[in-house]
Structures are given as C-alpha cells and as structure tokens.
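Chain by chain, the residues:
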2 protein chains.
Amino acid sequence: MDTRIYLPESRMPRQWYNALPDLPTPLAPPLNPETKEPLTPDMLSPIFPDALIAQEMSPERFIDIPEDILDIYRIWRPTPLVRARRLEKAIGTSCRIFYKDESRSPAGSHKPNTAVAQAWYNKAEGVKRLSTETGAGQWGTALSFACSMLGMECTVYMVKVSYEQKPYRGILIRTYGAEVFPSPSTRTNSGRVMLERDPDCKGSLGLAISEAVEDAVAHGDTKYALGSVLNHVLLHQTICGQEVKEQMAMAGATPDYLVGCVGGGSNFAGLILPFLPDKLDGANIKFIGAEPKACPSLTKGWFRYDYGDVSRLTPLLKMHTLGHSFMPAPIHAGGLRYHGSAPVLCNIVDAGLVEPRAYFQKECFDAAKFFLQTEGFLPAPETSHAIKAAIETAKEAPAGSNIVFLYSGHGLLDLASYDAYNKGQLVNYELPQETIDKALLECPDVS
Amino acid sequence: MDTRIYLPESRMPRQWYNALPDLPTPLAPPLNPETKEPLTPDMLSPIFPDALIAQEMSPERFIDIPEDILDIYRIWRPTPLVRARRLEKAIGTSCRIFYKDESRSPAGSHKPNTAVAQAWYNKAEGVKRLSTETGAGQWGTALSFACSMLGMECTVYMVKVSYEQKPYRGILIRTYGAEVFPSPSTRTNSGRVMLERDPDCKGSLGLAISEAVEDAVAHGDTKYALGSVLNHVLLHQTICGQEVKEQMAMAGATPDYLVGCVGGGSNFAGLILPFLPDKLDGANIKFIGAEPKACPSLTKGWFRYDYGDVSRLTPLLKMHTLGHSFMPAPIHAGGLRYHGSAPVLCNIVDAGLVEPRAYFQKECFDAAKFFLQTEGFLPAPETSHAIKAAIETAKEAPAGSNIVFLYSGHGLLDLASYDAYNKGQLVNYELPQETIDKALLECPDVS
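Rules behind the numbers
Residues numbered from 1 in each chain as written. Chains lettered and ligands numbered in written order. Predicted model: local features only at pLDDT ≥ 70, side-chain atom pairs only at ≥ 80, totals over all residues. Heavy atoms only, no water. Contact = heavy atoms within 4.5 Å. Buried area = accessible area lost by both parts, 1.4 Å probe. Salt bridge = Lys/Arg side-chain N within 4 Å of Asp/Glu carboxyl O. Polar contact = N/O pair within 3.5 Å; in protein donor to acceptor, adjacent residues only side chain to side chain. Helix = DSSP H or I, 4+ residues; strand = E, 2+ residues; numbered from the N terminus. 1 Å grid on protein atoms, 1.4 Å probe; cavity = no way out; pocket = protein on both sides within 12 Å on 5 of 7 lines; lining within 4 Å. Points joined across faces, edges and corners; volume = space filled by probe spheres on them. Nonpolar A, V, L, I, M, F, W, Y, C, P; charged D, E, K, R; others polar. Least-squares fit on C-alpha atoms with pLDDT ≥ 70 in both. Phe/Tyr/Trp six-rings, centres within 6.5 Å; stacked < 30°, edge-to-face > 60°. Buried < 20%, exposed > 50% of the residue type's maximum accessible area, 1.4 Å probe, protein only. Expected span 1.5 Å × (residues − 1). Pairing = 2+ DSSP bridges. Axes fitted to C-alpha atoms, helices over the stretch in contact; angles between N-to-C directions. Core = buried A, V, L, I, M, F, W, Y, C linked by side-chain atoms within 4.5 Å. Parallel < 35°, antiparallel > 145°, perpendicular 65-115°, else oblique.

Draft legend 1. Inspection of the interface of chain A and chain B at higher detail. On the side of chain B, 44 residues touch chain A, which itself brings 44 residues to the contact. When the two sides are added together, the surface that chain A and chain B hide from each other amounts to roughly 4,000 Å², 55% of it contributed by carbon and sulfur. Connecting chain A to chain B are 2 salt bridges. Between B:Arg86 and A:Asp71 there is a salt bridge whose closest N-O contact spans 3.6 Å. In this structure, the connection of chain A to chain B is made through 20 residue pairs in polar contact (both at pLDDT 80 or more). Mapped onto the side of chain A that touches chain B, the elements with two or more residues apiece are helix H3 (67-73), helix H6 (138-150), helix H8 (167-175), helix H16 (361-375) and helix H18 (415-422) of chain A.

Written out as structure tokens, the structure reads:
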C-alpha cells in the first residue's frame, strides 16, 4: 500500500452529508436571545444568504455541491489520506495510523471547505463583500482565499493581539486581496466604544464577531461568514469524512477510531459525521475528540443554552459551554479557545457517541515534535491535540486497530509557538472547577 | 484528466540519472585553487564522504538510490504534477501549463531530495554530524529535516542578516533538532576574525561556507554538505525530472517547454537533465532558465573558471560567473543570489541547449500574486521567476504547447517579502555592465 492514498477526482464526493435527520435526538433549535423563542429564518437574513440559512435547517440527508464549488475544491481536493508508518514504528504499535491531510489546502487547513462554499452561495445571491472575524488567522486566511477565487471583496477583523503577534497571517490575507484590520478598530461602533473605554484593548474573538456582524448589517452589499459552530459549516466539512470513507475502502480497511481536535468542532465533525449512520447501525467505531485542559468545553462544560459571544448578540445555542464570558488561558492553540462547541457535535457528545479527552498544551507540543521528527511535517498547535490523542489511542487500542486522525493544519505560520516550546516557556493551564461552576450561573435560564 | 497527476509509489524512480556521460562536451574538471591542476578525489575527503566524491565524478549513466533513501523519499515523493487550469484560463492561453510541485516536501522545497541522500551517505560512512551554511534558510531547513530522519546531528551557519530577518526559519531548524548559529559566529576562526574586524558584520554566504567547512575539517566525526552547484547535488535532483517524464506520459502528453528558476541551478537541472538525451536525440523540447536581472549569471556572466566563494577557499569551477567577489543587490529571492551556477548546467547552457532569461523582481512578484489569486498557492520568491517565465512562454509558444515549470518551493516563510511587495517597497535592480566587465578581470587566469 502506498504511503499516501489518493482518491481520484472522479470519486470526489458530489454531495455534502447533513447529519441533522440522523441525530440520535432532535437538535435543540437556536433561540432568539430576546424572546427565547426558536429562531425563524428571516431573523438570520440580514447576515446570511438564504441558501445557507436553508442549509442550516435542512431536513435533507444529502445536499448537492454546486459544480462551481467542486471546481474550486479541485485546487486541493481530494486531499491525501496518509499512512503514518514512521510514527507507528517509533511508537512501537501494531495499530495502523492514518492521517487525513487537510493542511494541503492553499490556506493550510480544513477551513476552505466551508469558506469556498459560503463565499459561492453569497455571490450567487448578489453579495459583493464578506466580513468576518479571525482569531489566530486560519479562518481569515481561508475566507480571503475563497473570495480571491470568486472575485469577491473580503474584510477581516483580526483580534488585535493575534494581529500583532502573527504578522504573517495578515500579510497573507492582504496578498489574497482582502483587507484586514486589528480589532477593536475605528470602523465600527463596537470597536470605537471599546477603544474609548480602553485605547490599549487587545481585542477578543467576541468583539471581532461584533465588528464583523455590524459591518455586514450596515452595508447592503455585504454579509457575514462564520468559520465554525453552525450546522452549515459542519455540513460543508463532511466532504472530508466522506473522502476518508472511500480512501479507507481503497486501503482495504475500516476505521476503528476517528480522532480529531475540537474547538468550534467543525474539523472533527467533518471527519466523524459521515460515519455516524454506521455507528448508529452498530458499527464498532469510536469517535475521540481532543481538546485543551485550558478550555475543556466537551469534557467539563455544561450542556446548556448559552450565547455564542461575550456581548450576548448571537442567538442562544444549546451546547457544551464554559460560559459566554469565559476568557481562556493564552494557550497557543488559538483555534481551540472557544467557550462552546457546535450544537450538532454537542448533541452526539451528550448522547454518549463521542469520547472527549482533554490534554495539557505541553504534552501536545511533545506529540507535535515527535510527529515532526518521525513523519517530517510541522503540525499546527491545534492539530497537535489530535496527534496526542491518536498516539494515546494507539497505545490503548487492541492490536491491529485502524486509527484515523484529522491533520487539520500545518504549523508554518505558528512557529513562534514552537519557539516558546523549544525554550521551555510553555505553561500548562488547567481550568479550575470554580470557573466551570460559575459558567452554569451565567447561562440564560431557558426552560 | 485530474488536476493533480499522482505517480504511484511503485513507479517512483529507483535510480538517479547522471548527465556527465551525456554532456555535449566533456565537463571541465574542478581545479585545485593553488596549483590549478585538476582536483583529485582525496583532496575532497576531509569534507565529503567517499560515496559522494565518487558520484561527483561518476561515469555511470544511472546510479541506484539506496532503499533507505527511497524510504525517506516516500514521506513526500512522488510529488504531484499539477495542471494549472485556472492560470491557463486567466492568461487566455491555449497552451497547457503544468507545474511539478516540489513545495510538498516537509522542508517546503526541492532541497530535501539531495539533503536526505547526502545525510544518508555520510551516516553510512560513520559521520555523526553535518555542518552547512544557509542563506535564506531553505537549505538549512532541508538538511536539518534529513538529519532528523536519520538521527544525525546538524549544525547550520545562517547568514546573520537572514537569521535576524527570518526568525521562523531558525525556529523550524531547531525544532527538527539541529543547531543554528548566525554567521559570523564565535565558533570558528573565520567567524572570529571577521567579528574582530567588524563586530556588526551581517555575514555573507561565502563567509558562512567558510565557517561550515572549517567546522567540518576541525571535527573528525563531522563532514560538510552543500545544497547546490555540485554534480552530486544535481544528480540527486534528477528524481524530479524523471517523475515529470512518467507523469507527462500518464497525461498522454510530452513537454514542449521545461521552465525553472536558476540560482545554483539544482532545481532547474533536476527538471531538465533527464530530458537531455531526448533533446540531443532531436526531440523538440526547450529548456528555459529564469534568473534575476540583479544576478544574471547565465544571461550576462562570463563562462570561465572562478572560485566558488568570496574567500577563494573552494576549488575552481568552470561556470558562468559574475565574479567571486560579486555582492548581489538585496533582492528577496535569496536563493538566486549566487555569483555562479552549477558547472553541469553551465556546460549545456554554453552548448546553446538552454535559453536563459532574466527578469526584474517586481514583475516576478506580479506573476507570483497572479498565481496566488488564480491557483491559490503562495510561491517562494525564487519560484516566482519560474512562474513569470512560464507565463511569458505561454504567451509566445505555438498554440497547444505543453509547458512544465518547476514549483520549487512555497512562500509561507517568505511573507515579509510579500509585505514589502504589497506596500510598493520593492526595487527593480539590474546589474550594471561595469560590474560584469569587472568580473572578467578577477577570474583567475587558467589557460
């Protein structure tokens, strides 16, 4: 068997898989934050195009991928499924370890799977410009890539601390032709109010979301795009797991364990959801989601309705949450620092179908370095959590098991994190129980 | 036809192609810089292992690739040949443009093809540590990757100005487990002498070579590795052109133009040399080498014996040279700032078998941005020269021609260059004729 299993383009999935009709219990609907009544589609119209709102609530199991989107996907898809033989040997496991390499996209992560789709549906409804927020920069890069391919404008509000610490991300976003501003910016009321209050404010994802949404609402030709959490985002990511299914069949194997890192949850859900019907049908396949001990929403959070952002602007979502005002410790895996997670993923976690695990950041960087020095490639700090969980799984699993983990992104624009690691400057954060208890108190009371 | 043409591992070349016996004229031998007599193998023994010295002078057309090296190559090889359909469409050409994607290696360039081979042959002869120099950092990254895979130590002397400007390169090298020092360093006599003379010296490639060679000579368990120019380096790179041959056959096409960028010449030679016998047999295939107007060794240099370094420590090589004391303008394509080029490549350039072209750096960055915004991926500044030449070729070539260019590396660690480009800060340098005339005067007199 070749090291890399390539799916021919002719077998690239032509539909996304929508897990909504297959969930073990009906998904709790998003609620209007004022009335606490279920949201109606028209409430989302100012910020999302109709096609994506329809996908968000679709009862259809499969949704056709438009040919134009497939055409852009072909720039990097299908992505290879890689047999990590050198890693297996170094661990001394009899398990086979595969990784699905989503770092091969132009933006360097799985994010373009949904960025391209979201941009295309917006363009089809006459939208000229997309606004979004980005933390560490992966999502902003992906959306600016997508807009570049489709000839759309793109405005990215990047959390100021990341904007300053990761200048390469901003440069790449600009080179794709998008504009990027440190948030808080003077371009929105949300930004200006914050800057008046604190001129040195370094920003937060919640504030950047507020700026991006405000920008979209204020301009008729502009809508907003979100890179994780929502149903339609997870939907677009399912192309990944569907490819894994085909590639494992090409390898003459079936996966026993599917492993991924979890922040908002879209990469992990994209991997596991296509296997959900098999699992519900009794297939012996385990889903393992790895998160930081500094931000353990799935392992320690409350499964409750909560706001998606600090400012309480978003709809209420039922999810595992550490509280919407939670400020995570400054771990380097910026993409895993969200207080909640995708409602679809949380639904199946609550049903006991996923085993969440939490790790310290140092052990994850150890795993990343081990991977680098065996498999050769530099993983993103987020991805290091999946690697750590895959290695642990290989140690515990029955001999000969097939383990597939999602390699969500490369770490070439995260080298400052590795510098801190090499210098022994990383701190292991673990969220104290008091903070988790407090989260329950601030969740809105929804009966 | 799929966008990416993947060669199965079973068809990965198992031999390197050695062009020495097929050159149109015998290669002028390297000369001892003192006696100006041809170099004997034993003179190279203090710095290179016997196997590589033998390859440097081998009369064999094909040299078996050891199984251990193939095993490491499989981490990223065979690399895909990509049909650049979106680029073709944007140019409006009827030509088919393909690119051989060497950026897919762990180090992000073609350099590991020889780094792995050199490290392995050294290890086989008991060498524990390799020392080398690096300018922009691509070669240092590749060698530290190779040494990591083989459990060897690696010491990299990195030109101080690059060490300071490109901190991510140094971090990546260290994460692979190698040590990297800014050159001039206090670790060698060459470095100390320079620092005494000028404590603020920012270094040069020539000085870094001196430090690396001195380190190797001073330590019995250490040898030296060079990333370009020499015959054995070009030999190892021929795996790339051989793969292209197979992949074009899979596409049912033959290349009409092979295009690459030229600094030391190893990536371009790796692409074209396997096609040299075909060309000599009358095949209608054109070799186009692209270099910067700021460092136009092939288009403007003298084809003479010259030293490989500023300090006149290396053997004399017959090559196109701008003079060994030439200090190129500070263009961002650091890998194309060498005063000479590989003797094997210069031999066939002198025979009229290659069309060299020189470009300004701004037009190359324009081409790189055009590529980014059509094909999605960010090229290295060196690679931008190949892209520029490929686009120009597509405009001039007969309808329906097949153009293959070598995508030698990604630009993710070169984003500072793109920042300068985006801000309109790039300068177009062109080497004045006086400098070229002066080069002739400083070439040693070899009859």
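That shown, we press on.
Draft legend 2. View of empty space enclosed by the protein. Here the structure, examined in full by the defined rule, presents 5 cavities of 30 Å³ or more. Here the largest cavity is characterised by a volume of approximately 360 Å³. Each residue belonging to the lining of the largest cavity can be placed in one class, and the counts come to 12 nonpolar, 8 polar and 4 charged. Taken as a whole, the second largest cavity spans an internal volume of roughly 200 Å³. Along the walls of the second largest cavity sit 21 residues, with A:Tyr6, A:Pro80, A:Arg104, B:Pro80 and B:Arg104 positioned nearest its centre. Per-class residue counts for the lining of the second largest cavity are 15 nonpolar, no polar and 6 charged.

Draft legend 3. Layout of the relation of the copies chain A and chain B. The two copies are related by a screw motion: chain A maps onto chain B through a turn of 180° and a shift of 0.0 Å along the axis, at an RMSD of 0.0 Å. Here the symmetry operator amounts to a two-fold rotation axis. Distance from the rotation axis, computed per C-alpha, reaches its smallest value in chain A at A:Leu412: 3.4 Å. The share of interface residues of chain A whose copies in chain B are also at the interface is 100%, consistent with both copies meeting through the same surface.

Draft legend 4. Quick peek at the packing of aromatic side chains. Under the counting rule described, the total for this entry stands at 32 aromatic pairs over all chains. Judged by centre distance (5.1 Å) and plane angle (45°), the rings of A:Tyr99 and A:Tyr407 are tilted. With A:Tyr99 in strand S5 (residues 96-101) and A:Tyr407 in strand S15 (residues 402-407), this pair connects stretches of sequence that are 308 residues apart. Overall, the relative accessible area of 2% leaves A:Tyr99 in the buried class. Seen in terms of ring centroids, B:Tyr17 and B:Phe62 are 5.6 Å apart; in terms of plane orientation they differ by 55°. Their pairing is tilted. Highlighted residues: B:Tyr17 in strand S2 (residues 15-17) and B:Phe62 in strand S3 (residues 62-64), separated in sequence by 45 residues. Judged by relative accessible area, which is 4%, B:Tyr17 ranks as buried.

Draft legend 5. Representation of helix H10 (residues 205-218) of chain A in the model. Residue and element names in this part refer to chain A. With 14 residues, H10 extends 20 Å between its outermost C-alpha atoms, agreeing within 8% with the 20 Å of an ideal straight helix rising 1.5 Å per residue. Here H10 has its buried residues at Gly206, Leu207, Ala208, Ile209, Ser210, Glu211, Ala212, Asp215 and Ala216. Tucked into the core, H10 has its buried residues touching strand S6 (129-134), strand S7 (153-159), strand S8 (179-183), helix H9 (189-197) and strand S9 (222-224).

Draft legend 6. Molecular detail of the sheet that holds strand S7 (residues 153-159) of chain B. Residues and elements named next belong to chain B. The strand order across the open sheet formed by 4 strands is S8-S7-S6-S9, and the pairing between neighbours is parallel. Strands with a single pairing partner mark the edges of an open sheet, and in this sheet they are strand S8 (179-183) and strand S9 (222-224). Ignoring which end each strand starts from, the neighbouring axes of this sheet average 25° apart. Across 6 bridges, strand S6 (residues 129-134) lies against S7 in parallel orientation. Looking at the pairing, Ser131 lines up with Thr155 of S7.

Draft legend 7. Molecular detail of the environment of B:His219. The topology assignment puts B:His219 in the loop between helix H10 (205-218) and S9. Spatially, the C-alpha atom of B:His219 lies 9.7 Å from that of B:Pro46, the residues being 173 residues apart in sequence.

Draft legend 8. Just unusual backbone geometry, in detail. The amide bond that connects A:Arg77 to the next residue, A:Pro78, takes the cis arrangement and shows omega of -10°. Mapped onto the elements of the fold, A:Pro78 is located in the loop between H3 and strand S4 (81-83). A cis amide bond links B:Ser183 to the next residue, B:Pro184, at an omega of 10°. On the secondary structure map, B:Pro184 appears in the loop between S8 and helix H9 (189-197). You will see that A:Lys36, though not glycine, has its phi angle at about 60°, which is positive.

Draft legend 9. Spotlight on the pattern of salt bridges. A full pass over the atoms with the stated rule returns 52 salt bridges over all chains. Ionic pairing is found between A:Arg357 and A:Glu355, a salt bridge with its closest N-O pair at 2.8 Å. A relative accessible area of 12% means that A:Arg357 is categorised as buried. Of the charged contacts, one joins B:Glu246 and B:Arg11 as a salt bridge, the two residues approaching to 2.8 Å between their closest N and O atoms. With a gap of 235 residues between them, B:Glu246 in helix H11 (residues 231-250) and B:Arg11 in the loop between strand S1 (4-5) and S2 connect regions that are remote in the sequence.

Draft legend 10. Molecular detail of the nonpolar core. Grouped together as the largest cluster of nonpolar side chains are 169 residues, with contacts concentrated most on A:Trp16, A:Tyr73, A:Phe405, B:Trp16, B:Tyr73 and B:Phe405. In this structure, A:Tyr73 is in contact with A:Met12, A:Trp16, A:Ile65, A:Pro112, A:Asn113, A:Val116, A:Ala117, A:His236 and A:Ile239, ignoring residues within four places of it in sequence.

Draft legend 11. A look at the packing of helix H16 (residues 361-375) of chain B against helix H17 (residues 381-396) of chain B. All names here are of chain B. One can describe the packing of H16 onto H17 by two numbers: an axis separation of 8 Å at closest approach and a directional angle of 85°. Here H16 is positioned roughly perpendicular relative to H17, judged by the angle of their axes. The residues of H17 that touch H16, namely those facing Glu363, Cys364, Phe365, Ala367, Ala368, Phe370 and Phe371, are Pro381, Ser384, His385, Ile387, Lys388 and Ile391. Here the contact of H16 with H17 is built from residues that sort into 9 nonpolar, 2 polar and 2 charged.

Draft legend 12. Examining the side chain of B:Arg83 more closely. Residues and elements named next belong to chain B. Topologically, Arg83 is positioned in strand S4 (residues 81-83). At a separation of 2.7 Å, a polar atom in the side chain of Arg83 contacts the side chain of Glu88. Look past the residues within four positions of Arg83 in its chain and what remains in contact with it is Met1, Thr3, Glu88, Arg96, Ile97, Phe98 and Glu375.

Draft legend 13. Focus on H16(B). Here H16(B) is 15 residues long and its end C-alpha atoms lie 20 Å apart, about the 21 Å a rise of 1.5 Å per residue gives. Residues B:Gln361, B:Cys364, B:Phe365, B:Ala367, B:Ala368, B:Phe371, B:Leu372, B:Thr374 and B:Glu375 constitute the buried set of H16(B).

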